[in-house]
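Reading the structure
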Amino acid sequence: MIYVLGSINLDLSVELERLPKKGETVIADSLKSGLGGKGANQAVAIAKLGKRDDKDVSPVRLIGNVGKDAGGDSLINKLNEFGVNTDFVHRVNRPTGTAIVTLTGKDNRIMVYTGANSGLSKTDVDEALEGATSADTLLCQLEVPLYVVAYALRKARAIGMTTIFNPAPAKELPEDLYYNVDIIVPNETETQILTGINPRDYDSQIDALQEFHERGVHYAVITLGDKGSVISDGTGFIAHIPPRKTAVVDTTGAGDTFVGALALTYPHIGMYSFREACAFATAAAALTVSKRGAADSIPTFAEVAAMYNRVI
C-alpha cells in the first residue's frame, strides 16, 4: 500500500496569450477546472500507473482534507473515478483548497489558496497509518502543514515504512526531518533553496546530492526539467537520467507524475532498480507535458511502458 499525505485542490487553469501588466485586463482564451494539488496529483499518478490488465498493482490511499462544499464533492468523486482510496480524505469546515494556473505558451504560473489543506493534523496521520506495515510506503510534499509532514515521516520511519519526500514548495526544514527520509525528490529551484547550491552543472549537482546524503537522506533525485534528472544512492553511485522528448503543451503536472511514478516502481513493485524506476518516472513525466491539465494529463501504464520499452 502507498499512502500519500498531501494537498487536494480545485484547479482553475486559465490559458491566455500573455500575462496582464499592472492595471491591465487581458481576455483569456480558455478556462478549465479540474482536480489538482500535489497530494492528489501524485496519488492519481500512482493509481493510473498502477493499473494494468484490469488489476490494481498498487493500491493508493490519500490522506487529506477538502471543504464541505461543492468543490469538495467534485474532487472526492474525481479521485474515486481515478481509483484513489479516499477513506482518509476528510470534510472540514474550511473552503476547499484552490489553485489558479495561468498558461502562456509553454510557461505556467500557479497561485494557491490552501483552504482545507491547512487543517490537516497529527490525528489524521495516526488514523490513516494505524494499519500500516513495513511493506508500505509514505509519500509527502509541503502543501500541507510542515509539522504534520515531519510527524508523519517520523511515524512512518518508526513503523519501518519506505518514506519518499517531495519538498515542494520548498521552505526551511528542521534538520531531523531528513533522517526520516529514504528518498528525496526536489527540482532545481527547491534544491537551491534547501542546500544553497544551484545545480546548474554536473559538478554542482553532485555537490547538492552529497549535501542531501550528509543530512541523512538515503537516495536523492534532482529533477532538471527538460534536462532529465540526476540521482544518487549515497554509496558513490551517481547517474544522469536523460530526458524523453515529447511535444510540450503544459508542464503543470510533470513533477507530480514523476514523483508518483517513482513511488510506484521503487521499491513497491520490486522489479525495478532505483535507476530503472527513475527512467520510468522520466517517461511518465514526458507524456504528461504533452497534454493539458494536471491529474487528467497523467498517462496510463500502457502508454509509459510503450515509451519506456520496459515491461513489468
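These figures come from a predicted structure and were not determined experimentally.

**Topic: the sheet that holds strand 2 (residues 9–15)**
Here 4 strands make up an open sheet; going across it, the order is 3-2-8-9 and the pairing mixed. Of all strands in the sheet, those with a lone pairing partner are strand 3 (30–36) and strand 9 (107–113), marking the two edges. Within this sheet the neighbouring strands show an average axis-to-axis angle of 20°, counted without direction. By the bridge criterion, 7 bridges tie strand 2 to strand 3 in an arrangement that is antiparallel. The partner of Leu-12 across the bridge, within strand 3, is Ser-33. Packed on one face of the sheet, helix 2 (residues 70–82) meets strand 2 and strand 3 and runs near 70° to strand 3.

**Re the pattern of salt bridges**
This model, assessed by the stated rule, comprises 8 salt bridges. Note that Arg-18 and Glu-24 form a salt bridge whose closest N and O atoms lie 2.5 Å from each other. With relative accessibility at 38%, the residue Arg-18 sits in the partly exposed group. With a closest N to O distance of 3.0 Å, Arg-157 and Asp-182 form a salt bridge. With a gap of 25 residues between them, Arg-157 in helix 4 (residues 146–159) and Asp-182 in the loop between helix 5 (175–178) and strand 12 (183–184) connect regions that are remote in the sequence. The exposure class of Asp-182 is buried, given its relative accessible area of 12%.

**Considerations on the sheet that holds strand 15 (residues 238–241)**
The strand order 7-6-1-10-11-12-13-14-15 describes an open sheet built from 9 strands, whose pairing is mixed. The open sheet has two edge strands with one neighbour each: strand 7 (85–92) and strand 15. For strand 6 (residues 60–67) and strand 7, the ladder comprises 6 bridges, and the chain directions are parallel. Looking at the pairing, Ile-63 lines up with Phe-88 of strand 7. Taken strand by strand, helix 9 (residues 274–288) contacts strand 13 (219–223), strand 14 (229–232) and strand 15, and its axis lies near 20° from that of strand 15.

**Digging into the nonpolar core**
If you look at the biggest cluster of nonpolar residues, it comprises 53 residues, and the most contacted ones within it are Ile-8, Leu-35, Leu-62, Val-221 and Leu-262. If you tally residues by element for this core, the top one is helix 9, at 10 residues. Residues contacting Val-221, with those up to four places away along its chain left out, are Ile-183, Ile-184, Val-185, Pro-186, Leu-209, Ser-229, Val-230, Ile-231, Phe-258, Leu-262, Phe-274 and Cys-278.

**What to know about the pairing of strand 15**
Only one face of strand 15 is covered, namely the one carrying Ala-239 and Ile-241; the face carrying Ile-238 and His-240 has none of its residues buried. Here strand 14 hands over to strand 15 after 5 residues, with Gly-234 in that stretch at a positive phi of 80°.

**A look at helix 6 (residues 188–195)**
Taken together, the buried positions of helix 6 are Glu-190, Thr-191, Leu-194 and Thr-195. An end-on view of helix 6 places all buried positions within 110° of arc, on one side of the element. Opposite the buried face of helix 6, at more than 90 degrees from it, the exposed residues are Thr-189 and Ile-193. Buried residues belonging to helix 6 abut helix 5, helix 7 (202–214) and strand 13. For helix 6, the N-terminal cap is Asn-187; the gap from its side-chain oxygen to the backbone nitrogen of Thr-189 is 3.1 Å. Following helix 6 by one or two positions, Gly-196 has its phi on the positive side, about 80°.

**Section: the side chain of Thr-288**
If you trace the backbone, Thr-288 turns up in helix 9. A distance of 3.0 Å separates the side chain of Thr-288 from the side chain of Thr-257, its partner in a polar contact.

**A look at the packing of aromatic side chains**
All chains considered together, the criterion is met by 5 aromatic pairs. Seen from their ring centres, Tyr-219 and Tyr-266 are 5.7 Å apart, and the 70° between their planes marks the pair as edge-to-face. Within this pair, whereas Tyr-219 is found in strand 13, its partner Tyr-266 is found in helix 8 (residues 254–269), the two being separated by 47 residues in sequence. Taking relative accessible area as the criterion, Tyr-219 reaches 23% and is therefore assigned partly exposed. Judged by its relative accessible area of 16%, Tyr-266 falls in the buried class. Note on Tyr-266 and Phe-274: the rings are 5.6 Å apart at their centroids and 55° apart in plane angle, and the pair reads as tilted.

Parameters at a glance
Sequence order sets the numbering: in each chain, residues are counted from 1 along the sequence as written. Reporting in this predicted model follows two pLDDT cut-offs: at least 70 for local features of residues, and 80 or more for side-chain atom pairs to be given and counted; totals over whole chains, interfaces and linings ignore these cut-offs and use all residues. Just so you know, side-chain values use all the structure's heavy atoms and leave hydrogens and water out. Two strands are counted as paired when DSSP detects at least two bridges linking them. Working definition: helices are DSSP H or I runs of at least four residues, strands are E runs of at least two. Numbering for both runs from the N terminus. A fitted line through C-alpha atoms serves as each axis, taken over the contacting stretch for helices, and the angle formed by two N-to-C directions is quoted from 0 to 180°. Working rule for contacts: check all heavy atoms of both residues, and any pair within 4.5 Å makes them a contact. In the sections that follow, a salt bridge refers to a side-chain nitrogen of Lys or Arg positioned within 4 Å of a carboxyl oxygen of Asp or Glu. When accessible area is computed with a 1.4 Å probe and restricted to protein chains, residues below 20% of their type maximum are described as buried, those above 50% as exposed, and intermediate ones as partly exposed. Buried Ala, Val, Leu, Ile, Met, Phe, Trp, Tyr and Cys residues that are joined via side-chain atoms within 4.5 Å together make up what is termed a nonpolar core. By construction, the arc corresponds to the directions joining the helix axis to the C-beta atoms. Two N or O atoms count as a polar contact when they lie within 3.5 Å, although within protein this holds only if one can serve as hydrogen donor and the other as acceptor, and sequence-adjacent residues are included solely when both atoms are side-chain atoms. A pair of aromatic rings is counted whenever rings of Phe, Tyr or Trp (Trp by its six-membered ring) have centres within 6.5 Å, and the orientation is called stacked for planes under 30 degrees apart, edge-to-face for over 60 and tilted otherwise.

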